[in-house]
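Geometric and topological summary
The primary structure of each chain is shown beneath.
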Amino acid sequence: MMRLDKYLAEMGIGTRQEVKKKIRQGNISVNGTVVKAADTKIDENQDEIMANGQPVSYVSYEYYMLNKPAGVISATEDRKDTTVLDLIKDKKRKDLFPVGRLDKDTEGLLLITNDGDLAHRLLAPKKHVDKVYYAKIRGKVTEEDVKQFEKGLNIGTEDKPEMTRPASLEILTSADESQIRLTIHEGKFHQVKRMFLAVGKEVTYLKRERMGTLCLDENLKPGEYRPLTKEEMEHVRK
Ligand code: URA
């Protein structure tokens, strides 16, 4: 059971103040009866709530796959920049957040949800969930780099070392600008960029392609998103 005004606000009908006004104005009905008290208790799983004659169905969890574009930040709100949450226009819930962070200039797979348990399972350092990145690198990436990545790199300083776990680096093309695919099993701050810096190279483009079992849908252009499919949900929850 929950308060009617809280329910309507959570379902994105308006802010708490706006929904209180709608309730007062007689725009909300519960099981066919107009209700004018904002603190009316409703059963979110049973009662039929209508706002301006349209049913408002209860959604407890939402899961979206976003192809994050460059220039957008992985936060829930910001005064200056567009956030990944601003891009999810269909959202019902107000408590969505991105699972992990991609840098402002990084593109690719980002899961947006309000399922805190799932986020914890995907991000917990002990779980070592794979993350796969495609990147363009200034300069030639070499077999020596592949070995260094496999051994683990110090992405900290000499005084304060910060070692990475073995990572699998695949060279796709090696030239003045190289293309690579990298699989890491952890998620340190700016990890991919810092790993390349540790071998004296610079990442010029970065895109996340996979996180655990979840692969970026190639049909999603940067900035586009879609709900997870049933199958994706089942795999990602395991
Ligand atoms: N590693 C980075 O350096 N940046 C990202 O956005 C993700 C991984």
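The rules behind these values
- Residues numbered from 1 in each chain as written.
- Predicted model: local features only at pLDDT ≥ 70, side-chain atom pairs only at ≥ 80, totals over all residues.
- Heavy atoms only, no water.
- Helix = DSSP H or I, 4+ residues; strand = E, 2+ residues; numbered from the N terminus.
- Rg over C-alpha atoms; globule rule 2.2 N^0.38 Å.
- Buried < 20%, exposed > 50% of the residue type's maximum accessible area, 1.4 Å probe, protein only.
- Contact = heavy atoms within 4.5 Å.
- Areas by Shrake-Rupley, 256 points an atom, 1.4 Å probe, with all protein chains shown as cover.
- Lys, Arg positive; Asp, Glu negative; His and termini not counted.
- Charge placed at Lys NZ, Arg CZ, Asp CG, Glu CD.
- Core = buried A, V, L, I, M, F, W, Y, C linked by side-chain atoms within 4.5 Å.
- Domains from an automatic or database assignment.
- 1 Å grid on protein atoms, 1.4 Å probe; cavity = no way out; pocket = protein on both sides within 12 Å on 5 of 7 lines; lining within 4 Å.
- Points joined across faces, edges and corners; volume = space filled by probe spheres on them.
- Nonpolar A, V, L, I, M, F, W, Y, C, P; charged D, E, K, R; others polar.
- Near = heavy atom within 4 Å.
- Polar contact = N/O pair within 3.5 Å; in protein donor to acceptor, adjacent residues only side chain to side chain.
- Phe/Tyr/Trp six-rings, centres within 6.5 Å; stacked < 30°, edge-to-face > 60°.
- Pairing = 2+ DSSP bridges.

1. Some words on the overall build of the protein chain
- Across its full length, the protein chain carries six helices and 15 strands.
- Relative to the globule expectation of 18 Å for 238 residues, the C-alpha radius of gyration of the protein chain, 22 Å, shows a markedly less compact shape.
- Considering only C-alpha atoms, the protein chain reaches an extent of 70 × 40 × 35 Å along its principal axes.
- Counting all 238 residues of the protein chain, 44% fall into the buried class.
- Relative to all contacts within the protein chain whose residues are 6 or more apart in sequence, the contacts with residues 24 or more apart total 63%.
- Total accessible area on the protein chain is roughly 13400 Å²; 47% of this is exposed by carbon and sulfur atoms.
- Positive and negative side-chain charges in the protein chain, numbering 43 and 40 respectively, have mean positions lying 4 Å apart.

2. Things to note about the nonpolar core
- Of all hydrophobic cores here, the largest spans 30 residues; its most connected members are I112, F149, I180, L182, V192, M195 and F196.
- Looking at which domains feed residues into this core, each of domain 2 (63-125 + 219-237) and domain 3 (130-211) supplies at least three.
- M195 has contacts with F149, L153, I155, T164, A167, L182 and I184, leaving out every residue within four places of it along the chain.
- Core analysis: the second largest hydrophobic core is formed by 17 residues, A9, V35, A38 and A51 among them.

3. So, the layout of surface pockets
- Taken as a whole, the largest pocket spans an internal volume of roughly 570 Å³.
- In terms of lining, the largest pocket is formed by 32 residues, of which the most central are R101, G187, K188, F189 and H190.
- When residues of the lining of the largest pocket are traced back to their parent elements, those giving at least two are α3 (116-123), β10 (131-138), α5 (191-198) and β13 (202-211).
- Here the lining of the largest pocket is composed, by residue class, of 15 nonpolar, eight polar and nine charged.
- Taken as a whole, the second largest pocket holds about 180 Å³ of empty space.
- Together, G12, T76, L85, D86, K91, K92, R93, K94, D95 and L96 line the second largest pocket.
- Its residues placed into classes, the lining of the second largest pocket shows two nonpolar, two polar and six charged.

4. Let's talk about the site of the ligand
- In the vicinity of the ligand, the contacting residues are L102, D103, T106, Y133, H190, Q191, V192, K193 and L206.
- In this structure, an oxygen atom belonging to the ligand sits 2.9 Å away from a side-chain N or O atom of T106.
- Separating an oxygen atom of the ligand from a backbone N or O atom of K193 is a distance of 3.1 Å.
- In isolation the ligand has 240 Å² of accessible area, and contact with the protein removes 96% of it.

5. Description of the packing of aromatic side chains
- Overall, the coordinates contain five aromatic pairs when judged by the stated rule.
- Taking 6.1 Å as the distance between ring centres and 65 degrees as the angle between the ring planes, the aromatic pair formed by Y134 and Y205 counts as edge-to-face. Of the two residues, Y134 is situated in strand β10 and Y205 in strand β13; the sequence distance between them amounts to 71 residues.
- On the accessibility criterion, Y205 (24% relative accessible area) is partly exposed.

6. Notes on the side chain of T83
- Structurally, T83 is set in the loop between β7 (63-68) and β8 (97-98).
- Among all residues touching T83, those that are not within four sequence positions of it are V72, I73, A75, T76, E77 and D78.

7. Considering the domain arrangement of the protein chain
- Domain boundaries assigned for the protein chain yield domain 1 (2-55), domain 2 (63-125 + 219-237) and domain 3 (130-211).
- A separation of 51 Å is found between the C-alpha centroids of domain 1 and domain 3.

8. Quick look at the sheet that holds strand β3 (residues 33-34)
- In spatial order, the strands read β3-β2-β5-β6; together these four strands make up an open sheet with antiparallel pairing. The open sheet terminates on both sides in strands that have one partner only, identified here as β3 and β6 (54-55).
- Note: strand β2 (residues 28-30) against β3, two bridges, orientation antiparallel. Bridge pairing links S29 to V34 in β3.

9. As for unusual backbone geometry
- The backbone of N52 shows a phi angle near 50 degrees, a positive value even though the residue is not glycine.
- Inspection of the secondary structure assignment puts N52 in the loop between β5 (49-51) and β6.
- Since its relative accessible area comes to 48%, N52 is described here as partly exposed.
- If you check the backbone angles, H190 has positive phi at about 50 degrees while not being a glycine.
- With respect to the helices, strands and loops of the structure, H190 is situated in the loop between β12 (177-184) and α5.

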